[in-house]
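# Tertiary structure, described
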Amino acid sequence: MELQNTVKEALNALYHHPDDAVRMQADRWLQEFQRTIDAWQVSDNLLHDSSSNQETLIFCSQTLRSKVQRDFEELPSEAFRPLRDSLNSLLTAFHKGPPKVRTQISLAVAALAVHVPAKDWGDGGIVNWLRDEMNSHPECIPSFLELLRVLPEEAFNYKIAARPDRRRQFEKELASLMEVALDILRACLNISELTEQVLEAFASWLRLRHRIPSSTLASHPLVLTALSSLSSDILLEASVNVISELIHYTAARNSGGVVAHMPLIQVIVPQVMSLKSQLRDSSKDEEDVKAIARLFADMGDSYLELIANGSDESMVIVHALLEVASHPEYDIASMTFNFWHNLQIYLIERDSYVSFGNEASIEAERNRRLLVSFRVQYPQDYADLSREDLKDFKKTRYDVADVLIDAALVLGGEATLKILYMKLVEPGGSSGNGEHSNWRSAEAALYCIRAISDYVSVTEAEVMPQVMYLLPKLPHQPQLLTTVCLTIGAYSKWLDAAPTGLSFLPSLIDILVSGMNVSEDTAAAAALAFRHICNDCGKKLCGSLDGLFHIYQRAMIGEGTFKVSAEDSLHLVEALSVVITELPSDHAKKALEVLCLPAVTPLQEVINQGPLVLGQTTARELTVHIDRLANIFRYVNHPEAVADAVQRLWPIFKAIFDIRAWDMRTMESLCRACKNAVRTSKRFMGLTIGAMLEEIQALYKQHHQSCFLYLSSEVIKIFGSDPSCADYLKILIESLFSHTICLLKTIQDFTSRPDIADDCFLLASRCIRYCPDLEASNSILTFLSDIFDISNSSQGEKYTSIRDNVIIPRGPTITRILVASLTGALPSSRLETVIYAVLSLTRAYRSRALEWTQDSVSLIPSTAATEAERLRFLRALSEVVSRGDVNALTISIEELSEVCRRNRTVQEIVQGALRPLELNLVNGVVV
């Protein structure tokens with residue numbers, strides 16, 4: 001009673017106390033209370049207490065539902081019947097409301113049925129029990145109907161902590177009782193006010209994998225009621241849910257396919273088609289129109305193959321889908337987008353296009369399919385759109401672009417381009433007189449033309465020259481200019497391949513320069529397009545390098561009205577870098593100096609002011625320039641020229657390393673630049689690489705920046721197999737790892753410094769792959785994800801004994817950690833990674849690994865995983881050893897993982913049982 005009063009007080013504080021801190025405290029206490037075993041009895045008592053207010057009833061019903069779903073195993077087996085009877089009495093007590101409470105109780109009963117087999121439930125299972133209860137309490141039929149509706153839904157609710165075997169069995173139990181359930185629903189049709197509830201429950205049961213013949217369903221009273229109710233405003237949504245499920249059922253491959261269900265299809269389709277006129281009925285409620293449109297979309301998705309064959313009967317569905325696609329409301333029109341996409345895939349795979357009759361009708365059909373293009377046009381009130389409306393508008397444009405791509409794949413890029421070009425040049429579509437009034441239609445047409453750029457051949461010579469000729473004549477309205485710039489970038493490959501492409505480049509680059517001056521958005525689009533142009537037309541632009549450098553330098557220093565952001569300036573860096581790559585080596589060195597100058601000059605100026613100023617400068621003021629150098633070293637593919645540049649710039653880099661080693665952001669930027677230089681220059685970096693590694697080796701001892709490890713791993717990848725570097729790299733590796741081991745002594749250290757741990761693993765893995773002759777401390781090997789597979793590498797077999805000396809003594813502990821990771825220590829999103837580690841361990845140590853795994857799995861208590869569930873996993877692991885069957889292991893691991901994670905209590909029990917003794921480090925060796 002005291003605890004019940006505390007719950008009431010906490011709820012009162014949560015909902016009514018004026019102090020936020022008190023409300024938060026009450027909320028935390030209530031959440032903790034829900035996890036206790038006392039929550040069962042307290043919630044049940046308060047639900048049966050007639051003095052409980054609505055807030056208490058809602059909270060307790062939610063708590064009881066959650067406890068049944070997640071924590072049913074807390075109760076002794078004999079508690080089932082009293083719990084079932086109590087829930088049943090609550091269901092009858094609340095048959096008139098509150099609705100939220102009744103729904104939670106229904107969900108709790110359904111969850112109970114998922115946990116408890118039909119034979120233990122009694123009365124032939126829950127459906128028969130429910131029928132008897134409805135006969136005994138006819139006044140409570142609405143409550144029991146809600147329970148009947150949620151039963152099939154809960155079969156697929158993974159919040160219920162049921163084992164996979166039991167979940168599958170429950171679905172089979174329900175399917176076997178399908179006829180009983182439909183008989184109950186049919187009987188309830190006699191009560192007219194229950195028709196909507198009956199139809200909703202019928203739709204829910206149709207989602208089960210049942211085997212009711214279509215001939216039976218075609219004349220079933222429930223189906224006929226749903227079809228006749230399509231004309232009822234009140235029952236429309238419930239009827240649509242039923243018909244939608246029937247449509248899906250008739251198309252399901254595991255139920256015989258479309259031909260087997262023709263009796264039912266012939267009943268459904270005419271009734272649905274009769275609703276087509278309502279799509280344009282302005283008097284209809286929008287939600288009703290959405291429901292009708294959903295039926296047409298469902299038919300399109302389900303009968304795709306029939307439609308693709310082009311029969312006259314199926315074409316009526318296509319015309320209805322076109323009617324939906326051209327609906328002015330985007331939410332309605334977009335329901336068909338999935339159909340058009342899947343139809344495109346089917347037709348492309350079949351390498352055919354379905355004819356729609358004569359040429360005139362084919363052309364009309366193509367144009368109708370492209371009607372969606374008007375949806376991308378900027379609205380008149382665009383500037384006043386809220387953030388949410390703006391987000392919706394952008395999503396609409398992306399979705400329409402996808403539809404246009406589907407059209408291009410079926411009709412061909414050139415045919416689609418012609419249609420869209422006509423939208424561009426139609427009256428009012430484009431204006432070259434500087435007026436902005438008509439820019440919206442031109443922008444919409446260009447957006448669509450840009451969307452299909454990947455599907456227009458680079459040899460297209462009819463439309464694209466006209467488009468490129470038109471672009472300089474368009475007004476520089478910001479949104480239009482943004483799309484113009486992006487269109488130029490999208491067709492960069494066409495510009496490179498077209499015989500007339502070179503003649504267009506000067507005027508198009510002028511447009512891009514204008515874009516860099518108008519606004520941040522246009523500058524971003526222009527910089528991106530500039531990168532594409534230089535990437536694809538680099539050879540054509542080599543002779544215009546001086547002009548390109550002029551644009552580049554003005555943008556880098558922000559001269560005049562240039563509005564290119566620091567991030568977008570990297571596009572320009574890449575663009576010029578690619579053009580320089582096309583130059584001969586001697587010219588490339590000089591051009592590279594000019595390219596680096598806008599980034600080097602400000603860095604040198606800061607360094608010249610002394611260590612104090614360099615130390616106080618913000619990271620952003622340094623990294624903006626270092627990142628540009630990093631991109632230059634990445635994209636200028638002249639290894640020797642880049643190596644020379646790095647050698648010249650090394651004094652600047654060293655000054656920043658020495659003074660800013662404490663600054664993670666600057667160090668990451670600088671190490672990225674060095675990494676890119678190493679990747680590009682490779683062995684040409686020999687003169688600078690020694691100084692660079694000495695620098696980071698010394699700085700890592702003091703500042704422990706993880707990027708130093710990452711840069712070292714890149715050096716190992718390039719120079720690891722070079723015998724002349726062996727002695728130096730060995731010293732580097734041992735130095736880095738000796739300090740890393742001091743940082744990662746406990747599991748908590750790994751948690752607090754995941755960056756160090758991650759880059760340590762990477763460095764160790766690269767040591768194994770690229771320089772196995774360098775033997776670092778044996779403790780390194782316990783970190784390695786690749787160590788189990790070392791014998792599979794070209795040179796690794798001779799190091800198997802070293803690996804075994806490290807792994808075999810620690811095999812039981814490693815395996816125990818892996819099993820713990822599979823069963824809840826790591827998030828389920830990491831399951832694939834852990835599975836691979838288990839596979840590698842098993843392949844490397846075979847029967848020994850099986851023994852380790854069996855010992856680890858045996859630690860899982862039977863309350864968490866049954867012997868059968870554990871044996872299934874071990875049997876699958878054994879199959880890997882004997883036959884290499886990986887698929888069976890993956891499935892069994894996923895099921896064991898689900899069993900051991902099914903609720904918090906079970907997960908804590910499993911992890912407590914599997915948690916190894918705290919790892920300790922003694923003299924640098926894990927023991």
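Residues numbered from 1 in each chain as written. Predicted model: local features only at pLDDT ≥ 70, side-chain atom pairs only at ≥ 80, totals over all residues. Heavy atoms only, no water.

The name an unreviewed UniProt entry assigns to the chain is Importin N-terminal domain-containing protein, from the organism Rhododendron griersonianum. What UniProt states about the chain under its Sequence similarities (unreviewed entry) heading is, verbatim, "Belongs to the importin beta family." The record held by UniProt for the chain lists under Subcellular location (unreviewed entry) the comment "Nucleus". (UniProt positions renumbered as here; feature names shortened; annotations may be inferred.)

## Considering the overall build of the chain
Counting its regular elements, the chain contains 48 helices and two strands. Principal axes of the C-alpha set define a box for the chain whose edges measure 95 × 80 × 65 Å. The proportion of buried residues among the 927 residues of the chain is 53%. Looking at the chain alone, contacts between residues at least 24 apart form 72% of all its contacts between residues at least 6 apart. (Helix = DSSP H or I, 4+ residues; strand = E, 2+ residues; numbered from the N terminus. Buried < 20%, exposed > 50% of the residue type's maximum accessible area, 1.4 Å probe, protein only. Contact = heavy atoms within 4.5 Å.)

## Here we look at the packing of aromatic side chains
Applying the stated rule across the entire model yields 16 aromatic pairs. Aromatic side chains Tyr378 and Tyr382 sit 4.5 Å apart centroid to centroid with 85° between the ring planes, which places their arrangement in the edge-to-face category. Ring geometry for Tyr378 against Trp439: centres 5.5 Å apart, planes inclined by 50°, an arrangement best described as tilted. With a gap of 61 residues between them, Tyr378 in the loop between helix H23 (359-369) and helix H24 (387-411) and Trp439 in helix H26 (residues 439-451) connect regions that are remote in the sequence. There is no split in this pair, since Tyr378 and Trp439 are both buried. Taken together, Tyr378, Tyr382, Phe393 and Trp439 form an aromatic cluster joined through their ring pairs. For the cation-ring pair, Arg167 lies above Tyr158, with the distance from its terminal atom to the ring centre recorded as 4.3 Å. Lying across the ring of Tyr447, Arg397 places its NZ or CZ 4.0 Å from the centre. (Phe/Tyr/Trp six-rings, centres within 6.5 Å; stacked < 30°, edge-to-face > 60°. Lys NZ or Arg CZ within 6 Å of the ring centre and 35° of its normal.)

## Regarding a negative patch on the surface
Judged by side-chain charge, Asp381, Asp384, Glu388, Asp389 and Asp392 come together as a negatively charged surface patch. Here Asp384 lies in the loop between H23 and H24. (Patch = residues over 30% accessible without salt bridge, like charges linked within 9 Å, V, L, I, M, F, W, Y side chains within 5 Å. Areas by Shrake-Rupley, 256 points an atom, 1.4 Å probe, with all protein chains shown as cover. Salt bridge = Lys/Arg side-chain N within 4 Å of Asp/Glu carboxyl O. Lys, Arg positive; Asp, Glu negative; His and termini not counted. Charge placed at Lys NZ, Arg CZ, Asp CG, Glu CD.)

## A look at the packing of helix H10 (residues 164-176) against helix H47 (residues 886-900)
Relative to each other, H10 and H47 sit at 95°, their axes nearing to 9 Å. One element, H10, and the other, H47, form an angle in the roughly perpendicular class. Within the contact between the two elements, H10 uses Pro164, Arg167 and Arg168 and H47 uses Glu895, Glu898 and Val899. Of the residues contributing to the contact of H10 with H47, the split by class is two nonpolar, no polar and four charged. (Axes fitted to C-alpha atoms, helices over the stretch in contact; angles between N-to-C directions. Parallel < 35°, antiparallel > 145°, perpendicular 65-115°, else oblique. Nonpolar A, V, L, I, M, F, W, Y, C, P; charged D, E, K, R; others polar.)

## Topic: the side chain of Thr680
Looking at the secondary structure, you find Thr680 in helix H38 (residues 664-681). By relative accessible area, which is 12% here, Thr680 ends up buried. When near neighbours in sequence (up to four residues on either side) are disregarded, Thr680 contacts Phe633, Arg634, Val636, Pro639 and Val642.

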